[in-house]
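A closer look at the structure
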Amino acid sequence: AVHLPGAEVLDRDLDFYTRFGNWRSLDDLGWTPLPSAAAAEPAVDGGPFPVVLCNIVVGPLCRVAPTLHELCGPGGFVVLAGFRGDYMRTQVEEAYGALFELVERGREAGWQLLVGR
């Protein structure tokens, strides 16, 4: 299942808002947290999943950390992309650091790829 914000938010330059806004408090930007994976109907029979991938701008990427943790099975991997630079990386590490042990697995044109277990 895909959860997107309202059309009025999708019409904005989300990278601008997440870069200059506070990803911990995006209510003023129209974002709402994703429903808990435990409360939602499973998208695919057999979850949790051994690998969970997420490539979205840094604000929403940080906001979905608890949900991705719930979707990731024991011993599974989370693969995170959609952020660049030290400031954004710090945000991702703050959001996911207590849930996963993160390791950088690549960079391209400033974009970073972190994998957590």
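Each chain carries its own residue numbering, running from 1 in the direction its sequence is written. Whole-chain, interface and lining totals are the exception, using all residues; otherwise, since this is a predicted model, local features are given only for residues with pLDDT of at least 70 and side-chain atom pairs are given and counted only at 80 or more. The basis for every side-chain value is the complete set of non-hydrogen atoms in the structure, without hydrogens or water.

1. Some remarks on unusual backbone geometry
At alanine 109, a residue that is not glycine, the phi angle is positive and equals roughly 50 degrees. One can find alanine 109 in the loop between strand E3 (102-108) and strand E4 (111-116). Each helix corresponds to a stretch of at least 4 residues labelled H or I by DSSP, and each strand to a stretch of at least 2 residues labelled E; elements are numbered beginning at the N terminus.

2. Focus: the sheet that holds strand E1 (residues 49-55)
Only when DSSP finds a minimum of two bridges between them are two strands counted as paired. Across the sheet, which stays open at both edges, the four strands sit in the order E1-E2-E4-E3 with mixed pairing between neighbours. In this open sheet, the two strands that pair with only one neighbour each are E1 and E3. In this sheet, neighbouring strand axes are inclined to one another by 15 degrees on average, regardless of whether the strands run parallel or antiparallel. Pairing geometry for E3 and E4, over six bridges, is antiparallel. Opposite valine 103, over in E4, you have valine 115 as the bridge partner. What makes two residues a contact is simply this: any of their non-hydrogen atoms within 4.5 Å. Axis definition: a line fitted to C-alpha atoms, limited for helices to the stretch in contact. Angles are taken between N-to-C directions and run from 0 to 180 degrees. Against the sheet, helix H5 (residues 85-96) touches strand E2 (72-84), E3 and E4, its axis set at about 160 degrees to E2.

3. Observations regarding the confidence of the model for the protein chain
pLDDT: the predictor's confidence for each residue, scored from 0 to 100. The share of residues in the protein chain with pLDDT of 70 or more is 60%, and the mean pLDDT across the chain is 75. The model gives residues 16-20 a pLDDT under 50, and that stretch makes eight contacts with residues more than four places away or in other chains.

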